[in-house]
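In case you want the letters, here they are:
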Amino acid sequence: MVERKSFKSLHIDAEKGEFILNGESMELVRRIDLEFDNGKWLLFVTRDELYEQTTAQVPKG
């Protein structure tokens, strides 16, 4: 399922490595697709997210 959010503003500065979406800096973005069709803007953002869990060591004995 795709999570839909409001698209208000986009700023990209390739020299500084900045990608700001709706006033918030975006990180770990792998791909963006920007479309304009019949007066409607669509922005698709593909991000990599890593979830990790380390379990505690159980003492032996």
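Residues numbered from 1 in each chain as written. Predicted model: local features only at pLDDT ≥ 70, side-chain atom pairs only at ≥ 80, totals over all residues. Heavy atoms only, no water.

A. Representation of the sheet that holds strand β2 (residues 18–21). Strand order in the open sheet formed by three strands is β1-β2-β3, with antiparallel pairing between adjacent strands. Across the chains shown, the open sheet's two edge strands, defined by having one partner strand only, are β1 (10–13) and β3 (24–25). (Pairing = 2+ DSSP bridges. Helix = DSSP H or I, 4+ residues; strand = E, 2+ residues; numbered from the N terminus.)

B. Spatial organisation of the environment of His11. Positionally, His11 belongs in strand β1. Its relative accessible area of 38% is what places His11 among the partly exposed residues. Linking His11 and Leu34, residues 23 residues apart in sequence, is a C-alpha distance of 12 Å. Apart from the residues lying within four places of it in its own chain, the contact partners of His11 are Glu18, Phe19 and Ile20. (Buried < 20%, exposed > 50% of the residue type's maximum accessible area, 1.4 Å probe, protein only. Contact = heavy atoms within 4.5 Å.)

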